[in-house]
Amino acid sequence: MTTLTITRPDDWHLHLRDGEQLKDTVRDASRYLGRALIMPNLVPPATTTEMALAYRERILAVRPQGSRFEPLMSLYLTDNTDPQEVRKAKATGKIVACKLYPAGATTNSDSGVTDVKNIYPVLAAMQETGTLLLVHGEVTDSRIDIFDREKAFIDTVLPDVVRDFPDLKIVLEHITTEHAVNFVEQAGDNVAATITAHHLLFNRNHMLAGGIRPHYYCLPILKRNTHQQALVRAATSGSKKFFMGTDSAPHFQHRKEAACGCAGAYTSHAAVELYAEAFEEAGALDKLEAFTSHYGPDFYGLPRNEDRITLVKESWVVGETLPLGGDQLVPIRAGEAIHWTVR
Ligand SMILES: NC(=O)N[C@@H](CC(=O)O)C(=O)O
Ligand SMILES: [Zn+2]
Ligand SMILES: [Zn+2]
């Protein structure tokens, strides 16, 4: 039997939602993750230290007995974020990053930033205090094709931020294009990226060929297979600039199977198992551990987890649906087999 023992992984981009949904999302996340960077795009968004800390308490309150899963919190940036709020947040030791959502770019981003110049004083405070900037890198201009929005953001918005804040640690989240891979590779050591399991395993054919499959719809949207191949190359290259961030984003089944379906794919039920498939397919299982468990904490300036988990090459079938806050969601690979199991 093939087994693989690796340092306990962390997920550097995770949506846990709130309220009734929390017990389901936290159960999945705490199965074997050491830490997760929790996204702040709640309704209303977690824009203050107080809100982020209260959210953290709600997460801890539903952690399964005996779990040591640690949520790391982030603040949601708006045009009106006060630089003082960043200093206050960072001083708690529990909030390690701020999230830039261009206003209107994705789920619950309406209160996001309309022009990055509006948050320059905030970015200065982040650079000074060592608070990371996490970026949903897509422009929102309706004239820009949805498949080109990440590239347009990288061409028109990101270079200024990188030039003007040379010591700010920036994570370009859930990258989906070869352009993003190239940008991150040529940038300084202060710029890194997360890559999701679904962007490694799928391309837009999975979503659109032979019928439209809403459970593959997420943002940034799946691109053509050449971009998928570039992401696989980056993730399995051994570069410390690319690490695990699932962007597991639960939505109720009826909100995705709808005339106007929500963006987001759920992978928390099998996060590392899905990455293992992608790395195995690329013949790079030896690169999995650093991607899931080393480069993330290294970039964040946090210690690596000290204990380990073991993956076994053993197939299991994912449920057609999973519970979500008294309702249900359809996970990635619903009703199909996954070929790795975490023991
Ligand atoms: N990725 C998604 O398609 N959706 C995320 C938001 C995000 O990460 O952009 C969500 O919160 O549902
Ligand atoms: Zn996003
Ligand atoms: Zn996300």
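For clarity, every value in this text was computed on a predicted model and none was experimentally measured.

Participant: Which residues make up the side chain of His 294, and what values go with them?
Facilitator: Assignment of secondary structure puts His 294 in helix α13 (residues 288–300). Among the residues examined, His 294 registers a relative accessible area of 15% and is labelled buried. Separated by 3.4 Å, the side chains of His 294 and Thr 7 make a polar contact. In contact with His 294, other than residues within four places in its own chain, are Thr 7, Glu 289 and Arg 304.

Participant: I'd like a rundown of the coordination of the zinc ion (ligand 3), residues and numbers included.
Facilitator: Surrounding the zinc ion (ligand 3) are the protein donor atoms His 13 (NE2), His 15 (NE2) and Asp 247 (OD), which sit 2.0 Å from the metal. In this structure, the zinc ion (ligand 3) is coordinated by four donor atoms arranged in tetrahedral fashion, with angles at the metal of 94 to 133°. As a motif over one chain, the donors of the zinc ion (ligand 3) read H-x1-H-x231-D. A separation of 3.9 Å is found between the zinc ion (ligand 3) and the zinc ion (ligand 2). Taken together, the residues His 13 in strand β2 (residues 11–14) and Asp 247 in the loop between β9 (242–244) and α11 (253–256) connect sequence positions 234 residues apart. By the burial criterion, His 13 is buried, and Asp 247 matches it.

Participant: Give me the lowdown on the UniProt feature "domain: Amidohydrolase-related" (unreviewed entry) in the protein chain, citing residues and values where you can.
Facilitator: According to UniProt, the feature "domain: Amidohydrolase-related" (unreviewed entry) maps to residues 11–305 in the numbering used here. Helix makes up 38% of residues 11–305 and strand 12%, whereas the separation of the span's terminal C-alpha atoms amounts to 12 Å.

Participant: Any chance you could break down the sheet that holds strand β15 (residues 341–342) for me, citing the residues and the numbers?
Facilitator: Here three strands make up an open sheet; going across it, the order is β1-β10-β15 and the pairing antiparallel. Either end of the sheet is taken by a strand with one partner, and the two such strands are β1 (3–7) and β15. Of the strand pairs in this sheet, strand β10 (residues 308–312) and β15 are connected by two bridges, and their pairing is antiparallel. Of the residues in β15, the one forming a bridge with Leu 311 is Val 342. Across the face of the sheet, helix α12 (residues 271–281) comes into contact with β1, β10 and β15 while running at roughly 60° to β10.

Participant: Run through the sheet that holds strand β5 (residues 95–100), naming residues and quoting values.
Facilitator: In space, the eight strands of this open sheet follow the order β2-β3-β4-β5-β6-β7-β8-β9, with parallel pairing throughout. Of all strands in the sheet, those with a lone pairing partner are β2 and β9, marking the two edges. Taking each pair of neighbouring strands and ignoring which way they run, the sheet shows an average axis angle of 30°. Relative to strand β4 (residues 70–76), strand β3 (residues 35–38) runs parallel, the two sharing four bridges. Looking across to β4, one finds that Ile 38 is bridged to Met 73. Running over the sheet, α13 touches β2, β3, β5, β6 (132–135), β7 (170–172), β8 (191–195) and β9 and is turned about 115° from β9.

Participant: If you had to explain the environment of Val 342 to someone new, which residues and values would you point to?
Facilitator: Here Val 342 is to be found in strand β15. Separated by 204 residues in sequence, Val 342 and Glu 138 place their C-alpha atoms 34 Å apart. With residues near it in sequence (within four places) discarded, Val 342 still touches Tyr 32, Glu 273, Ile 309, Thr 310 and Leu 311.

Participant: Can you explain the packing of aromatic side chains? Please cite residues and give values.
Facilitator: This structure, assessed with the given rule, holds eight aromatic pairs. Aromatic side chains Phe 243 and Phe 299 sit 6.0 Å apart centroid to centroid with 40° between the ring planes, which places their arrangement in the tilted category. Residue Phe 243 is located in strand β9, and its partner Phe 299 is located in helix α13; the two are separated by 56 residues in the primary sequence. Summarising the burial analysis for this pair, Phe 243 and Phe 299 share the class buried. Following the ring pairs from residue to residue traces out a cluster consisting of Trp 12, Phe 243, Phe 299 and Tyr 300. Note that Lys 169 overlies the ring of Phe 299, its terminal NZ or CZ placed 5.6 Å from the centroid.

Thresholds applied
Residues numbered from 1 in each chain as written. Chains lettered and ligands numbered in written order. Predicted model: local features only at pLDDT ≥ 70, side-chain atom pairs only at ≥ 80, totals over all residues. Heavy atoms only, no water. Helix = DSSP H or I, 4+ residues; strand = E, 2+ residues; numbered from the N terminus. Buried < 20%, exposed > 50% of the residue type's maximum accessible area, 1.4 Å probe, protein only. Polar contact = N/O pair within 3.5 Å; in protein donor to acceptor, adjacent residues only side chain to side chain. Contact = heavy atoms within 4.5 Å. Donors = N, O, S within 2.8 Å, 3.2 Å for Na, K, Ca; no water. Tetrahedral: all angles 85-135°; square planar, octahedral: opposite > 155°, others 65-115°. UniProt positions renumbered as here; feature names shortened; annotations may be inferred. Pairing = 2+ DSSP bridges. Axes fitted to C-alpha atoms, helices over the stretch in contact; angles between N-to-C directions. Phe/Tyr/Trp six-rings, centres within 6.5 Å; stacked < 30°, edge-to-face > 60°. Lys NZ or Arg CZ within 6 Å of the ring centre and 35° of its normal.

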